[in-house]
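If you want the building blocks of each chain, they are given just below.
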Amino acid sequence: MKSHDNGINALGSPRYHAIPVGSGDPCVGRENVLKEIRRALDPSRRGSRLFVLFGMAGVGKTQIALEYANEARKEFEIILWINCTKLVESFHKVAKGLGLVSNSDDEDSAFAKMKTWLLGTSYRWLLVLDGAVDTKLLATIWPVGINGSVLLTSRDSTEIQSLPEERMMVQRLEVLPFDDEAAIDLLKKYLGRAANSWTDHKLEMKIVQAVGGLPLAIRQICRYIVLHALTLEGFLHSYEKITFEIIEQRLSSRKDASISFSSTIEGAIYSLSGNALKLQKLLTFFNPSTTLSPSDIYESLLRRGAQNACLGELNFLQDPSNFSDAQDRLLRLALIARSSMDEALYIHPLVQSIMKRRDSKVENARLFNLVTSLLSSSFPNTWNIVASHQFATWDECHQCILHVGHMIRHFADHRKDGIDIDAFAELILRCTVPGICMSERSTPPQQCLWITLNAISLSYTEMNELDLAEEYGWQAIDVRLNYQSHRIGNSYSNMASIFLRRGLPDAAEEMLKKCPSIKDFTDKDFLDSKNPRFSGDVVLLSRIRLAQNRPKEALELSLAALNVRKKVLGPGLKTCASLYLVASLQHRCGQLPDAEETLLELVSITHNHYTQALFKLSEVCNDIDKRHTRLVSSGGHQVIASPRSMAYRDEAIKSLGSLINNTFLLYDVSEYDYDKLTPWMLW
């Protein structure tokens, strides 16, 4: 023991801190992480301690470790920093500093002498293993059973589990990129900026989102902006080119940190082969994730698309073992992340960008077409099941939509050489009206233009931009008439809804009767028809009758549509919309107990109409309990209402406040405010 301590005494000081010089920047926004490390590695706690920081390159693991090592100088007599990318050289250097080896000693002997010294010394020591890669080598020199603290950083979240942990207190923590607001705070601190305008805030948001909240990239961007005296707008003008200049710089100002973020990721990618490389390439064209805005790449989507597309290259996605092995390889290199709960994968935008730059334009176009085929095949093909289509399959459609949007942005920003335009156009059409998939693959793309025009018209109708809605609606009708589409009635119905929202119920009814399949229908024909295809038209006619001040006829029609939707769709959005319409008409017609019963049924099954239904319940119950009403104080206001009504209204206002992020709503909120929570028309 004494001979071991002599290595320190030879230095003439009871302390030896071999800590590299950092960047000089403070470790901002990682106070909670540092707090966890302090608690876990507290030298006053008995036994040996291990804390593992893991995460992707550039996320700030080394910066956190440096911050902790420097602040822990008073806690530990000995602090030894080992750069694991130069493991042998680094161990020899600190062993020499401790006086354990000389210049003439073999470098390999440093391992054994260091391990022996750590086992025997009485000094409080901290060993930092930065950038651990070869854990098998580390395991051979691991100081098992000692009384000390080890802080290990690694991109590999799995191989670190192979280290010996006997009699060690172990804690692991994943270091994530910053969310948008934390990243903006970091940007402001590095640039020395105080509070600024909303315009500047939007520019800052674009910058931090461009690099996915990576602290290293943000720090280097700030240095670049200051060095070149750029404005935020000036930086963004050419951010893609500049960003790559930045991330290809060294990871820090330390002399031993010659590896750039870009080369680190490229090195990891270079080590890939087989299915792991195929999966990494495939994910390059899916929507990337940030901490605040994770974008799920569902494993079920990948499996379904690979199966339906019949692409031999992607067969491994259908084999659980092969798919899992490919994921594990990418997870170990921190090239992707995974949620076991959601069974979804995530990829960082900078990793995607490096991947695209690494591959040729021809290869990128091939991959773009591959993902186009996979996503097209992931949409459920229920073209002939009109009634239940949107709700029985919405979850599957929703999995695809964000990724199609990302591909559209890529398509707009890059050259189109080699991209299958027709296949991509069909993918967009499938997404435009979510899940409408063409069963006849031979249909010429130009004949499907009406799908897009109809969708745009419906969107403008929902936005109450009725001039634009009508303009696109007429274009859709013209295209369908030109191609003699058998679904022209769909466009006439959409146009009828526009007229209804304009306050022209008679014109709406006249337009609805142009639909070939129902042009001779009477109200009784609609009531007698059990065809689910007509349920949307029945709802529309019901609302037309209401606007014509014929509420009893409207109620009769809406009940017929509700019965069909319940049977065919179950408790979906359309059914909930019909329940609310029926309850409103029952209220209007004085059928108050029936209206209450309908609304209670709606509240029990819905999330989308929950707040709206609660408000309507407060009105219905107030009318039922009128003889019991009294002056009630609520929200600082005196209102006349029954206690039961006020309970529903309180809950409605509370729910509305949570939805619009305003917890200070008062009781002047109208039915119009609640109606805005749901679509104007659900077909």
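So, here's what we can say about the structure.

About the cut-offs
- Sequence order sets the numbering: in each chain, residues are counted from 1 along the sequence as written.
- Reporting of local features is limited, given that this is a predicted model, to residues whose pLDDT is at least 70; pairs of side-chain atoms are given and counted only at 80 or more, and all residues count toward the totals for whole chains, interfaces and linings.
- Calculated side-chain values reflect all of the structure's heavy atoms, with hydrogen atoms and water omitted.
- Numbering of helices and strands runs from the N terminus; a helix is a DSSP stretch of H or I covering at least four residues, while a strand is a stretch of E covering at least two.
- Think of it in three bands: residues with accessible area under 20% of the maximum for their type are buried, residues over 50% are exposed, and the middle band is partly exposed, with areas taken using a 1.4 Å probe on protein chains only.
- Any two residues having at least one pair of non-hydrogen atoms within 4.5 Å are treated as being in contact.
- The Shrake-Rupley method, run with a 1.4 Å probe, gives the accessible areas here. Residue values count only the displayed protein chains as cover.
- Residues enter a nonpolar core if they are buried and are Ala, Val, Leu, Ile, Met, Phe, Trp, Tyr or Cys, with the set joined through side-chain atoms within 4.5 Å.
- Take a side-chain nitrogen of Lys or Arg and a carboxyl oxygen of Asp or Glu: if they are within 4 Å of each other, that pair is a salt bridge.
- We call Phe, Tyr and Trp rings a pair once their centres come within 6.5 Å, taking the six-membered ring for Trp, and we label the pair stacked below 30 degrees between planes, edge-to-face above 60, and tilted otherwise.
- We call a charge positioned above a ring when the Lys NZ or Arg CZ atom is no farther than 6 Å from the ring centre and deviates by at most 35 degrees from the ring normal.
- Each pair of strands is called paired provided DSSP finds at least two bridges between the two strands.
- Here, expected helix span is obtained from the residue count minus one, scaled by 1.5 Å.
- Note that the arc is defined by the directions from the helix axis to the C-beta atoms.
- Here the axes come from fitting lines to C-alpha atoms, over the contacting stretch only for helices, and the angles between their N-to-C directions go from 0 to 180 degrees.
- In this scheme, roughly parallel covers angles under 35 degrees and roughly antiparallel covers those over 145, while 65 to 115 is roughly perpendicular and the rest are oblique.
- Left-handed is the label given to a crossing in which the near helix is rotated counterclockwise from the far helix by less than a right angle, and right-handed is the label when the rotation is clockwise.
- Polar contacts here mean pairs of N or O atoms no more than 3.5 Å apart (in protein, one a potential hydrogen donor and the other a potential acceptor; neighbouring residues in sequence count only if both atoms are side-chain atoms).

Attention now goes to the overall build of the protein chain. If you tally the helices and strands in the protein chain, you get 32 helices and 11 strands. Split into buried and exposed, the 683 residues of the protein chain put 51% on the buried side. A separation of at least 24 residues holds for 66% of the contacts in the protein chain among residues at least 6 apart in sequence. Carbon together with sulfur atoms contributes 51% to the accessible area of the protein chain, which is approximately 32,200 Å² in total.

Turning our attention to the nonpolar core. In this structure, Leu 151, Phe 286, Leu 302 and Leu 317 are the most contacted members of the largest nonpolar core, which totals 96 residues. Setting aside chain neighbours within four positions, we find Leu 317 in contact with Leu 279, Leu 282, Leu 302, Arg 303, Ala 306, Phe 323 and Leu 374. In this structure, Val 538, Leu 579, Leu 581 and Cys 621 belong to the second largest nonpolar core, which totals 49 residues.

Take the pattern of salt bridges next. Opposite charge on two side chains lets them pair, provided their charged atoms get close. Under the criterion given, the structure shown has 20 salt bridges. For Glu 363, the salt bridge is made with Lys 281, and the minimal N-O distance between the two is 3.2 Å. Here Lys 281 lies in helix 13 (residues 274-283) and Glu 363 lies in helix 17 (residues 361-378), a separation of 82 residues in the sequence. This pair shows no difference in class: Glu 363 is buried, exactly as Lys 281 is. A salt bridge links Lys 566 to Glu 601; its shortest N-O distance comes to 3.0 Å.

Another aspect to go through is the packing of aromatic side chains. For any pair of aromatic rings, geometry is given as the distance between the ring centres together with the angle between the planes. A complete count under the given rule lists 4 aromatic pairs for this structure. Their ring planes at 55 degrees and their centres at 5.1 Å tell us that Phe 91 and Phe 111 sit as a pair that is tilted. Placement of the pair is Phe 91 in helix 4 (residues 87-97) and Phe 111 in helix 5 (residues 109-120), with a sequence separation of 20 residues. For the pair Tyr 460 and Tyr 472, a centre-to-centre distance of 5.9 Å together with 20 degrees between the ring planes defines the contact as stacked. Placement of Tyr 460 in helix 21 (residues 449-462) and of Tyr 472 in helix 22 (residues 466-482) is noted, with a sequence separation of 12 residues between them. With relative accessibility at 22%, the residue Tyr 460 sits in the partly exposed group. Relative accessible area serves as the criterion here: at 23%, Tyr 472 is assigned to the partly exposed category. Here the aromatic cluster, defined as three or more aromatic residues joined through ring pairs, consists of Phe 285, Phe 368 and Phe 424. If you follow Arg 30 out to its NZ or CZ, it ends over the ring of Phe 178, 4.1 Å from the centre.

Taken together, the 3 strands give an open sheet; going across it, the order is 7-9-8, and neighbouring strands pair in antiparallel fashion. The two strands at the open ends of the sheet, each matched to only one other strand, are strand 7 (297-298) and strand 8 (337-339). Strand direction decides the pairing type here: strand 8 and strand 9 (residues 344-346), joined by 3 bridges, are antiparallel. Counted as the bridge partner of Arg 338 is Leu 345 from strand 9.

A few words on helix 22. With 17 residues, helix 22 extends 24 Å between its outermost C-alpha atoms, agreeing within 8% with the 24 Å of an ideal straight helix rising 1.5 Å per residue. Residues Leu 466, Ala 469, Glu 470, Gly 473, Ala 476, Ile 477, Val 479 and Arg 480 constitute the buried set of helix 22. Downstream of helix 22 by a residue or two, Gln 484 has a phi angle that is positive, lying close to 50 degrees.

The subject of this paragraph is helix 2 (residues 31-40). Those residues of helix 2 lying buried are Val 33, Leu 34, Ile 37 and Ala 40. Along helix 2, the residues classed as buried sweep out an arc of 130 degrees about the axis, all on the same side. More than 90 degrees from the buried face of helix 2, the exposed residues found are Asn 32 and Lys 35.

Now for the packing of helix 26 (residues 535-547) against helix 28 (residues 573-588). Helix 28 packs onto helix 26 with a crossing angle of 25 degrees between their chain directions and a minimal axis gap of 12 Å. Judged by the inter-axis angle, helix 26 sits roughly parallel to helix 28. In this structure, helix 26 crosses over helix 28, and the sense of that crossing is left-handed. Touching Val 539, Ser 542, Arg 543 and Leu 546 of helix 26 are Ser 578, Leu 581, Leu 585 and Arg 588, all from helix 28.

Turning to the environment of Val 404, a few remarks are in order. Structurally, the position occupied by Val 404 is in helix 19 (residues 394-413). Relative accessible area serves as the criterion here: at 1%, Val 404 is assigned to the buried category. Taking the C-alpha atoms as reference, Val 404 lies 7.2 Å from Ile 428; in sequence the two are 24 residues apart.

So, on to the environment of Glu 470. Take Glu 470: it is sitting in helix 22. Taking the C-alpha atoms as reference, Glu 470 lies 9.2 Å from Asn 494; in sequence the two are 24 residues apart. Setting aside chain neighbours within four positions, we find Glu 470 in contact with Met 495, Ile 498, Phe 499 and Arg 502.

Notably, Glu 343 is not glycine yet its phi reads approximately 55 degrees, a positive angle. With respect to the helices, strands and loops of the structure, Glu 343 is situated in the loop between strand 8 and strand 9. Backbone geometry places Asn 549, a non-glycine residue, at a positive phi of 65 degrees. Within the fold, Asn 549 resides in the loop between helix 26 and helix 27 (551-569). Residue classification places Asn 549 among the exposed residues on the basis of a relative accessible area of 55%.

This next bit is on the side chain of Thr 121. Mapped onto the elements, Thr 121 comes out in the loop between helix 5 and strand 4 (125-130). For Thr 121, a relative accessible area of 11% puts it in the buried group. For Thr 121, the side chain forms a polar contact with the main-chain nitrogen of Tyr 123, separated by 3.2 Å.

Right, let's talk about the environment of Ile 79 for a bit. Along the chain, the position of Ile 79 falls in strand 3 (residues 78-83). For the pair Ile 79 and Ser 149, spaced 70 residues apart in the sequence, the C-alpha separation amounts to 9.6 Å. In this view, Ile 79 contacts Tyr 16, His 17, Ala 18, Ile 19, Ala 69, Ala 72, Arg 73 and Leu 126; residues no more than four positions away in its chain are not counted.

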